[in-house]
Number of protein chains: 4
Amino acid sequence: MENWDLFLAPYQQVVEELKVKLKVMREQFDNLSDHSPIEFVTGRVKPIPSILIKAKEKGLNADNYHEIQDLAGLRIMCQFVDDIYTVIELLRGRSDFEIVEERDYISRNKVSGYRSYHVVISYPVETINGQVKVLAEIQVRTLAMNFWATIEHSINYKYSGQIPENIHARLRRAAEASARLDEEMSNIREEIQEAQKIFHRKK
Amino acid sequence: MENWDLFLAPYQQVVEELKVKLKVMREQFDNLSDHSPIEFVTGRVKPIPSILIKAKEKGLNADNYHEIQDLAGLRIMCQFVDDIYTVIELLRGRSDFEIVEERDYISRNKVSGYRSYHVVISYPVETINGQVKVLAEIQVRTLAMNFWATIEHSINYKYSGQIPENIHARLRRAAEASARLDEEMSNIREEIQEAQKIFHRKK
Amino acid sequence: MENWDLFLAPYQQVVEELKVKLKVMREQFDNLSDHSPIEFVTGRVKPIPSILIKAKEKGLNADNYHEIQDLAGLRIMCQFVDDIYTVIELLRGRSDFEIVEERDYISRNKVSGYRSYHVVISYPVETINGQVKVLAEIQVRTLAMNFWATIEHSINYKYSGQIPENIHARLRRAAEASARLDEEMSNIREEIQEAQKIFHRKK
Amino acid sequence: MENWDLFLAPYQQVVEELKVKLKVMREQFDNLSDHSPIEFVTGRVKPIPSILIKAKEKGLNADNYHEIQDLAGLRIMCQFVDDIYTVIELLRGRSDFEIVEERDYISRNKVSGYRSYHVVISYPVETINGQVKVLAEIQVRTLAMNFWATIEHSINYKYSGQIPENIHARLRRAAEASARLDEEMSNIREEIQEAQKIFHRKK
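Residues numbered from 1 in each chain as written. Chains lettered and ligands numbered in written order. Predicted model: local features only at pLDDT ≥ 70, side-chain atom pairs only at ≥ 80, totals over all residues. Heavy atoms only, no water.

Caption draft 1: Looking closely at the interface of chain B and chain D. Chain B puts 33 residues into the contact, and the matching count from chain D is 34 residues. In total, about 3,100 Å² of surface goes out of reach between chain B and chain D, with carbon and sulfur atoms giving 69% of it. The interface formed by chain B and chain D contains 2 salt bridges. The interface formed by chain B and chain D includes 0 residue pairs in polar contact (both at pLDDT 80 or more). Residue contributions to the side of chain B that touches chain D peak at 19 residues, all from helix α5 (residues 165-202) of chain B. The class makeup of the residues in the side of chain B that touches chain D is 18 nonpolar, 7 polar and 8 charged. (Contact = heavy atoms within 4.5 Å. Buried area = accessible area lost by both parts, 1.4 Å probe. Salt bridge = Lys/Arg side-chain N within 4 Å of Asp/Glu carboxyl O. Polar contact = N/O pair within 3.5 Å; in protein donor to acceptor, adjacent residues only side chain to side chain. Helix = DSSP H or I, 4+ residues; strand = E, 2+ residues; numbered from the N terminus. Nonpolar A, V, L, I, M, F, W, Y, C, P; charged D, E, K, R; others polar.)

So this is what it looks like as structure tokens:
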């Protein structure tokens, strides 16, 4: 890559624009005094060393780096598992980008224990030379999924992807605990909603 | 207006999105090591008291407040007068919004001495209830125009629009000095560009 | 309170200053390629309705609102329980504020299941009328503690503090699951550190 | 310099902290519905190529780079010349840093036409290894001074400091026009203040 700044600029732009757009969704629920399915939003451009590793894995050269789906990465954190699907519906309903692919690692979760819902989009970016469409990946997860994934990522990084089996086993147990936590939280959510329905009926 | 937060939310959103989008244009020129016609960008939602004053002036009631063109206001500051027209061309070339009106207060400047180029756009905003189109005003000006306008605005505010004639006269003289400054700067710009052409030809 | 903006301004200032200062601590660890005990930092000024509720509970009138310790609130999120104590040591070592009180809700956790470490500080703020010292509360917790606390807070808010016993029981079970998750994560952390020590010894 | 990130980190921190602190001063005047002597604040860490050029000029090696006074640079823009001196008084009254040097390029302006008031401070920064004191430069100027300085800087950069005499002459004339503009503005300011005094006496 001759000029990384130039290559990554539209991805930086997508991250900035989508952070604003997704954070606003949260505020819209707040303005309506409604439960927001979005707790918070983060975003980042993939660091150059990670791009090089991924390109090698996928056999891509500099001309094809734009095929990497998560150069622009957004993450939406939710309180409850059900909120994830509400967010997905909201994303599907938008007309400022096109959904290219969806990967549901929640109903069919990965061997590692990773859970998350990934949406790959094609996003039109206005540059000073006209409009270009670039890929971006939006990961939607609960706070518990994110907590586990953050720690798994840092362990994975320390072992360069070669996590020893005994640690792997512990990580899987932690992933199960994280999933159980989400289940218990979901149960509470249903009770809250039932309680609210009873309350509103009584009024 | 029953719920100002709800009414102003899409305008806040336009301001946030456009601030990101216009600032990025500047970075794109920087990445190309090219002179950026954009020096800096600011944005604001019109304060509620100012909305009420303008609505009264225009005889609008709450159902028609969306007709006010500058509820969402962006301001692009340029170094040179010529940069303004470069920016206007860049705005005309974009496909993420539609230009509704242009007002050139530079070639035909106002009696007050005000100089600026206004572009009113119709901008599609994604809300949780679907897409809506809202108006926004982009003001493009040099730093000298902005300097004068900032001070004129604060004086105007202090006198509630009834600036005494002797102060008005001084403001107009200041406006002329500000315009002369822009002219001298433009002359320097042409010399720089000529010098650069000679330099490049010699290489 | 006659002028909330004026009263809350120094608290807003403390939140802004401390967010910058605490985020920088994280970057310093990143610059040293060292594990950062800080994952992320958030901050907020207590909303006015919550101030009024707390003032009523504590029997305070407007002259004594400044005695409320969490008008300015900062939150530091950590990956591991041990990181919390590293952060506390870092806070104790600073000379830009004074620690007034510490409350350890981790070793002695609350009946509700709430776990967190609270540090109340007295922070000198420069205003245009000279220096004033205001209280601020820094909460230090793991991501799992924060996940649980966020949800408990929203449930508590919905029930105005009167959470029904059956939901309370579920929340406590969720709190236990959250604590177990932290324990398993801590075990993994120790293994990582042992693995790293072996690695470094072999070099 | 072996590790620029590590070396520049405390300067980045000073810039971030001071931007927050100085912007807050403006809000404090706004909260009091008083004229703010501060219009806006910007900040930057000196870019590495500029550090290297300055170090060469001053005969400094990497061990002494910390002697460069403007590694951390803040800029406060004012509407009126008189506001500059109000700001200087506010800076002198603060106890969160110490003023090391003041340079008044307004009453005694530079040959180039440059006008600005520079305050060099020693600012205590808390790092994870304890407190360190670093230098920072705060430039205080009117919008007109800033407008001229911005353009002079970009011309100077293009000619690598060797601005041809004919362009130099034009820049000086522009500087004079900029100074005249400030004078006319100051006259208006005095009238406004007199008008306000009359107004308040009549009430």
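Caption draft 2: Representation of the sheet that holds strand β5 (residues 130-142) of chain B within the structure. Residue and element names in this part refer to chain B. Taking strand neighbours across the sheet as the criterion, the 5 strands line up as β1-β2-β5-β4-β3 in an open arrangement whose pairing is mixed. Edge positions in the sheet fall to β1 (40-45) and β3 (98-104), since each has one partner strand and no second. On average, each strand axis in the sheet is inclined to that of its neighbour by 25°, with strand direction left out of account. Pairing of β1 with strand β2 (residues 72-78) involves 6 bridges; the strand directions are antiparallel. (Pairing = 2+ DSSP bridges. Axes fitted to C-alpha atoms, helices over the stretch in contact; angles between N-to-C directions.)

Caption draft 3: Looking closely at the confidence of the model for chain A. Confidence in the prediction for chain A averages 89 pLDDT; 94% of positions are at 70 or higher. Per-element confidence in chain A is highest for strand β3 (residues 98-104) of chain A, whose mean pLDDT is 98, and lowest for helix α5 (residues 165-202) of chain A, whose mean pLDDT is 77. (pLDDT = per-residue confidence, 0-100.)

Caption draft 4: Representation of the packing of helix α1 (residues 4-31) of chain C against helix α1 (residues 4-31) of chain D within the structure. Where α1(C) meets α1(D), the axes come as close as 10 Å, and the angle between the chain directions of the two elements is 170°. The orientation of α1(C) with respect to α1(D), classified from their angle, is roughly antiparallel. Packed against α1(C), whose contacting residues are Asp5(C), Leu6(C), Ala9(C), Gln13(C), Glu16(C), Glu17(C), Val20(C), Lys21(C), Val24(C), Gln28(C) and Asn31(C), the element α1(D) presents Asp5(D), Leu6(D), Ala9(D), Gln13(D), Glu16(D), Glu17(D), Val20(D), Lys21(D), Val24(D), Gln28(D) and Asn31(D) at the interface. Its residues placed into classes, the contact of α1(C) with α1(D) shows 8 nonpolar, 6 polar and 8 charged. (Parallel < 35°, antiparallel > 145°, perpendicular 65-115°, else oblique.)

Caption draft 5: Examining the relation of the copies chain B and chain D more closely. Once chain B is rotated about the relating axis by 180° and shifted along it by 0.0 Å, it coincides with chain D to within an RMSD of 0.0 Å. Put plainly, the chains are arranged around a two-fold axis. Comparing contact sets, 100% of the residues at the interface of chain B also lie at the interface in chain D, consistent with an isologous, same-surface contact. (Least-squares fit on C-alpha atoms with pLDDT ≥ 70 in both.)

Caption draft 6: Broad picture of the relation of the copies chain A and chain C. Between chain A and chain C, which share one sequence, the superposing operator has a rotation angle of 180° and an axial displacement of 0.0 Å; the RMSD is 0.0 Å. A shared interface surface links the copies, since 100% of the contact residues of chain A are contact residues in chain C too.

Caption draft 7: Spotlight on the arrangement of the chains. At no point do chain B and chain C touch; the closest pair of C-alpha atoms across them sits 16 Å apart. Considering only C-alpha positions, the minimal separation of the non-contacting chain A and chain D is 16 Å.

Caption draft 8: Structural view of the UniProt feature "domain: RelA/SpoT" (unreviewed entry) in chain A. In the UniProt entry, the feature "domain: RelA/SpoT" (unreviewed entry) is given for residues 43-163 of chain A. Within the segment residues 43-163 of chain A, helix and strand shares are 32% and 34% respectively, and the terminal C-alpha atoms sit 26 Å apart. (UniProt positions renumbered as here; feature names shortened; annotations may be inferred.)

Caption draft 9: Region of interest: helix α4 (residues 143-158) of chain D. All names here are of chain D. Taking 1.5 Å of rise per residue, 16 residues should cover 22 Å, and α4 covers 23 Å from first to last C-alpha, within 8% of that figure. Across the 16 residues that make up α4, a large majority, 12, are buried. Among the residues of α4, Leu143, Ala144, Met145, Asn146, Phe147, Trp148, Ala149, Thr150, Ile151, Glu152, Ser154 and Ile155 are the ones counted as buried. Positive phi shows up at Ser160, right after α4, with a value of about 45°. (Expected span 1.5 Å × (residues − 1). Buried < 20%, exposed > 50% of the residue type's maximum accessible area, 1.4 Å probe, protein only.)

Caption draft 10: View of the interface of chain A and chain C. With 34 residues of chain A at the contact, the number on the chain C side is 34 residues. The tally of links from chain A across to chain C stands at 2 salt bridges. Ionic pairing is found between Arg173(A) and Glu184(C), a salt bridge with its closest N-O pair at 3.8 Å. Between the two partners, chain A and chain C, sit 0 residue pairs in polar contact (both at pLDDT 80 or more).

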